[in-house]
Amino acid sequence: MKKALLLTLFTTILFATSVFIIIQQLSETVSEPSEKYIEDQSVESFIGSIGENAREIADKHDLYASVMIAQAILESDNGTSELGSPPNNNLFGIKGSYRSQSVAFQTSEDNGSGQMHQITAKFRKYPNYKASLEDYAELLQNGVSWNTKYYQKTFKSKTKSYKEATRYLTGTYATDTNYHQKLNALIKQYHLTEYDQPKKEQKHVVVKSGETLNSLSHKYGVAITSIKQWNRLNSNAVENGQKLLIYQ
């Protein structure tokens, strides 16, 4: 009788443990897709997620959308950093709080004598990327507390090209002496100046058998990287019958 009772108890414990392990594995599996998406997200796909909002917001605030997008790529590691990805959505590493929402992160700061040390700082937390873009544009437009004109040299109306804006951001927004060169390289590589212009007419096309991004690029006179941005593609692969958005 005692042996039967012990066997029943052992079986019950074993079953409960197995159920717990299965539930835990299922829980982990459910969380994998979003994490996997962030890890595998291409730069073009990220640009596609913020490009049109950046175009609209930059135009409203007399800024270069190309510079804004390049900064977002650089500052947030194209939306894959912990601060730059959901649920924090802070694309530009802005400290403080946004509508009473913030998140704490470890960061390195100069102690005033050239030595870096780790501190815990509060960073703004946004409900979405659009809010981050708008808040950043307002920062540039309104300047800082001690100088409301601090970022005016980044305005379209105050510069001849985006390169003047990126040059000014070096040493003001970022201490990296190569900051403007990194931004300029991103703008050139991903044809970001198109976002400084009004939105072009769009059309939907269907990929035919044998067509590739390269052939579509030649066919419609647009860059491969642009097609990937417009359609938020994570690779160069396209399939027969696939619908794509093209701006011309």
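Here the structure is shown first, and the text comes after it.
Here the structure is a predicted model, which is why all the values come from computation and not from measurement.

How each quantity is defined
Residues numbered from 1 in each chain as written. Predicted model: local features only at pLDDT ≥ 70, side-chain atom pairs only at ≥ 80, totals over all residues. Heavy atoms only, no water. Buried < 20%, exposed > 50% of the residue type's maximum accessible area, 1.4 Å probe, protein only. Helix = DSSP H or I, 4+ residues; strand = E, 2+ residues; numbered from the N terminus. Arc of directions from axis to C-beta. Contact = heavy atoms within 4.5 Å.

Q: What am I meant to see in helix α6 (residues 179-189) here?
A: Since the α-helix turns once every 3.6 residues, residues separated by three or four places project in the same direction. Turning to α6, its buried residues are Y179, H180, L183, N184, L186 and I187. The buried side chains of α6 occupy one side of the element, clustering within an arc of 160° when seen end-on. Residues of α6 that are buried make contact with α3 (65-76) and α5 (162-169).

Q: How should I be thinking about the environment of L74 in this particular structure?
A: Within the element layout of this structure, L74 appears in helix α3. Accessibility expressed as a relative area gives 34% for L74, which makes it partly exposed. Each C-alpha atom of the pair L74 and L186 lies 8.6 Å from the other, and the pair is 112 residues apart in sequence.

Q: What's the story with the environment of M68 in this structure? I'm lost.
A: Within the element layout of this structure, M68 appears in helix α3. For M68, a relative accessible area of 2% translates into the label buried. In the structure, M68 is positioned 24 residues away from F92 in sequence and 9.1 Å away in space, judged by C-alpha atoms. In this view, M68 contacts A54, I57, A58, L63, F92, L133, Y136 and A137; residues no more than four positions away in its chain are not counted.

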